[in-house]
Amino acid sequence: MFEQLKFRDQNLASRIAAKIQEIAPKNDVVKICHVCGTHEWTITHYGLRSLLPPTVEVIAGPGCPVCVTPASEVDEAVVLAIKGVVVTCFGDVLRVPGSEQSLLDAKAKGADVRVVYSVLDAVRMAEKEPSKEFVFFAIGFETTAPSTAIEILRKPPKNLSFLVSHRLIPPAMELLLGIGDLHIDGFIAPGHVSTVIGLKAYEIFPKAYRMPTVVAGFEPLDVLFAIYMVLKQLREGVARLENEYVRAVSWEGNTKAQEAMYKAFDIVDGEWRGLGKLPSSAFRLKDEHAAFDAREKFRVRITRGRDLPPGCQCHLVMIGKIRPTECPLFMKICTPQKPVGACMVSMEGTCRIWAKSIR
Ligand code: SF4
């Protein structure tokens, strides 16, 4: 509790904001990109952008796991559900649009789609009902991939298989650097993912790209500190990898979780919703675990999907190119109650966060 109060101390926040004003460039605009739905929530919910000078812009990258899941993989889950397989998934996956329908639409038509709070819930359901086939639709970044990996390595019941759609964060950060007219000046790297992959996973950004990179936690002061740390590097004309989130993130990260991921999965190229195929950005089950691969077991593979419904600008929101309010559908026909695009579905989606926080 004390820790929490300390990280929300208004006096301290005002002092950091003053320091940010002091070292921010006076004329040129700098763009700092974070890659995490929770960071966007903290920034928007606590109004942190209002504390920044006009020359410091903080943009949201592709840090929402359900937003980046391509429609083709939602379609695979829908096909399985329609075939009579029990599809289990996290709650916010239910409403993510596929090319034609979401899992919630399939459920409304009678398919057996069940919300779980963890992969272990799916294991327990499969054990209880051995006569049915179950699939766990495994989405998320390196934060959730280890728990999927651990259950696969434990040899789950034979009637449970996995539709693996996990993605890796560092390749998405590299993608952003390749977008010519985006011009990012610094990164705030995600705290949760970093507890697993460690600081070392971001070494490439200052070394190869000369990009200031700061791993940060999720309290308002964490984020303000991280912005200050990036600005300080820019002011000094250096690019370092720094750790603001020392209370949770180490250089090596969680080596046990990494070991589980690399025993269960190979790293392959992966589709990201609206962003195309990114090299070495997705996990796929290793051949020795193919018996648990739902795509192999049920021979389902959809290679092309429709990621963006007409008018939807999610691909531009996800790379921080536009703000949600610049999408013509925002809060007109795309709302949290009736989302058109994936960014309006999840609590971690930028459009949804803006819709809930900005009135
Ligand atoms: S407002 Fe809706 S349609 Fe527009 S970018 Fe956001 S989620 Fe996509």
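These numbers come from a predicted model, not from an experiment.

1. Let's talk about the site of the ligand
- Taken together, the neighbourhood of the ligand is formed by Cys312, Gln313, Cys314, Val317, Cys327, Leu329, Phe330, Cys334, Gly341, Cys343, Met344 and Cys351.
- Grouping the amino acids of the shell around the ligand by side-chain chemistry returns ten nonpolar, two polar and no charged.

2. Thoughts on unusual backbone geometry
- Unlike most non-glycine residues, Lys155 shows phi in positive territory, near 60 degrees.
- Looking at where Lys155 falls in the secondary structure, it is placed in the loop between helix 8 (145-153) and strand 6 (160-166).
- For Lys155, a relative accessible area of 52% corresponds to the exposed category.
- Unlike most non-glycine residues, Met331 shows phi in positive territory, near 60 degrees.

3. Here's the deal with the state of the cysteines
- Following the criterion strictly, the structure yields one disulfide and no others.
- Shown here is the disulfide that connects Cys64 with Cys67, its sulfur atoms set 2.4 Å apart. Taking the sign of the S-S torsion, 75 degrees for the link of Cys64 and Cys67, the bridge is right-handed. The pair Cys64 / Cys67 is uniform in exposure class, with both members buried.
- With no disulfide of its own, Cys36 lies 9.8 Å from the sulfur of Cys64, the closest cysteine sulfur.

4. Digging into the side chain of Asn159
- Here Asn159 shows up in the loop between helix 8 and strand 6.
- Of the residues examined, Asn159 reaches a relative accessible area of 8% and is grouped as buried.
- Setting aside residues no more than four positions away along its own chain, Asn159 makes contact with Ala126, Glu129, Pro130, Lys132, Glu133, Phe134 and Lys297.

5. Some remarks on the sheet that holds strand 7 (residues 186-190)
- Spatially, the five strands line up as an open sheet ordered 2-1-7-8-9, and their pairing is parallel. The open sheet has two edge strands with one neighbour each: strand 2 (56-60) and strand 9 (241-243). Strand-to-strand, the axes of this sheet are offset by a mean angle of 25 degrees, without reference to chain direction.
- Contacts from helix 12 (residues 220-236) reach strand 1 (30-34), strand 2, strand 7, strand 8 (213-216) and strand 9, with the element oriented near 170 degrees to strand 8.

6. Overview of the nonpolar core
- Counting 98 residues, the largest nonpolar core has Leu103 and Phe265 as the members making the most contacts within it.
- Each residue touching Leu103, except ones within four places of it in the same chain, is listed here: Ala77, Val78, Ala81, Val87, Cys89, Val93, Leu94, Val113 and Phe137.
- Within the second largest apolar cluster, 25 residues are counted, among which are Ile32, Val56, Val58 and Ala226.

7. Re the side chain of Ser346
- Mapping Ser346 onto the fold places it in the loop between helix 15 (314-318) and helix 16 (350-357).
- Here Glu348 takes part through its backbone nitrogen, which lies 2.9 Å from a polar atom of the side chain of Ser346.
- Sequence-distant contacts of Ser346, defined by excluding residues within four places in its chain, comprise Cys64, Val66, Asp92 and Arg352.

8. Points about the packing of helix 2 (residues 10-23) against helix 12
- Put simply, helix 2 and helix 12 touch, their axes get as near as 10 Å, and they point 20 degrees apart. Judged by the angle between their axes, helix 2 and helix 12 are roughly parallel. The chirality of how helix 2 crosses helix 12 is left-handed. Every residue of helix 12 that contacts helix 2 at Leu12, Ala13, Ile16, Lys19, Ile20, Glu22 and Ile23 is listed here: Leu221, Leu224, Phe225, Ile227, Tyr228, Leu231, Lys232 and Arg235.
- Across the contact of helix 2 with helix 12, the residue classes tally to eleven nonpolar, no polar and four charged.

9. Describing helix 5 (residues 71-83)
- Relative to the 18 Å expected for 13 residues at 1.5 Å per residue, helix 5 spans 18 Å between its end C-alpha atoms, a close match to the ideal helical length.
- Counted residue by residue, helix 5 has ten buried out of 13 residues, so it is predominantly covered.
- In this structure, the buried side of helix 5 is in contact with strand 3 (86-89), helix 6 (103-108), strand 4 (113-115), strand 5 (134-140), strand 6 and helix 14 (294-297).
- Positioned one or two residues after helix 5, Gly84 has a phi angle of 105 degrees, which is positive.

10. Considerations on the packing of aromatic side chains
- Applying the stated criterion to the full structure yields nine aromatic pairs.
- With centroids separated by 5.6 Å and ring planes inclined at 80 degrees, the aromatic side chains of Phe90 and Phe136 adopt a geometry described as edge-to-face. Pair noted here: Phe90 is in the loop between strand 3 and helix 6 and Phe136 is in strand 5, with a separation of 46 residues, a long-range link. The residues Phe90 and Phe136 share a single accessibility class, namely buried.
- Each ring, one from Phe205 and one from Tyr209, has its centre 6.0 Å from the other, and the planes form 25 degrees; the classification is stacked. Here Phe205 and its partner Tyr209 are both found in helix 11 (residues 204-209), four residues apart, which amounts to about one turn of the helix.
- Residue classification places Phe205 among the buried residues on the basis of a relative accessible area of 0%.
- Among the aromatic side chains, those forming a connected cluster through ring pairs are Phe90, Phe136 and Phe162.

11. Let's talk about the pairing of strand 3
- Residues Val86 and Thr88 of strand 3 are buried on one face, and the alternating residues Val87 and Cys89, pointing to the opposite face, are buried as well.
- Taken together, the three bridges between strand 3 and strand 4 define a ladder with parallel strand orientation. Paired with Val87 across the bridge in strand 4 is Val113.

12. Considerations on the environment of Val246
- Relative to the assigned elements, Val246 resides in the loop between strand 9 and helix 13 (255-264).
- By relative accessible area, which is 62% here, Val246 ends up exposed.
- Residues Val246 and Leu329, spaced 83 residues apart in sequence, show a C-alpha to C-alpha distance of 40 Å.

Conventions adopted
Residues numbered from 1 in each chain as written. Predicted model: local features only at pLDDT ≥ 70, side-chain atom pairs only at ≥ 80, totals over all residues. Heavy atoms only, no water. Near = heavy atom within 4 Å. Nonpolar A, V, L, I, M, F, W, Y, C, P; charged D, E, K, R; others polar. Helix = DSSP H or I, 4+ residues; strand = E, 2+ residues; numbered from the N terminus. Buried < 20%, exposed > 50% of the residue type's maximum accessible area, 1.4 Å probe, protein only. Disulfide = S-S within 2.5 Å. Contact = heavy atoms within 4.5 Å. Pairing = 2+ DSSP bridges. Axes fitted to C-alpha atoms, helices over the stretch in contact; angles between N-to-C directions. Core = buried A, V, L, I, M, F, W, Y, C linked by side-chain atoms within 4.5 Å. Polar contact = N/O pair within 3.5 Å; in protein donor to acceptor, adjacent residues only side chain to side chain. Parallel < 35°, antiparallel > 145°, perpendicular 65-115°, else oblique. Left-handed = near helix turned anticlockwise from the far one by under 90°. Expected span 1.5 Å × (residues − 1). Phe/Tyr/Trp six-rings, centres within 6.5 Å; stacked < 30°, edge-to-face > 60°.

From the geometry alone we can't say anything about function, so treat these as descriptive.
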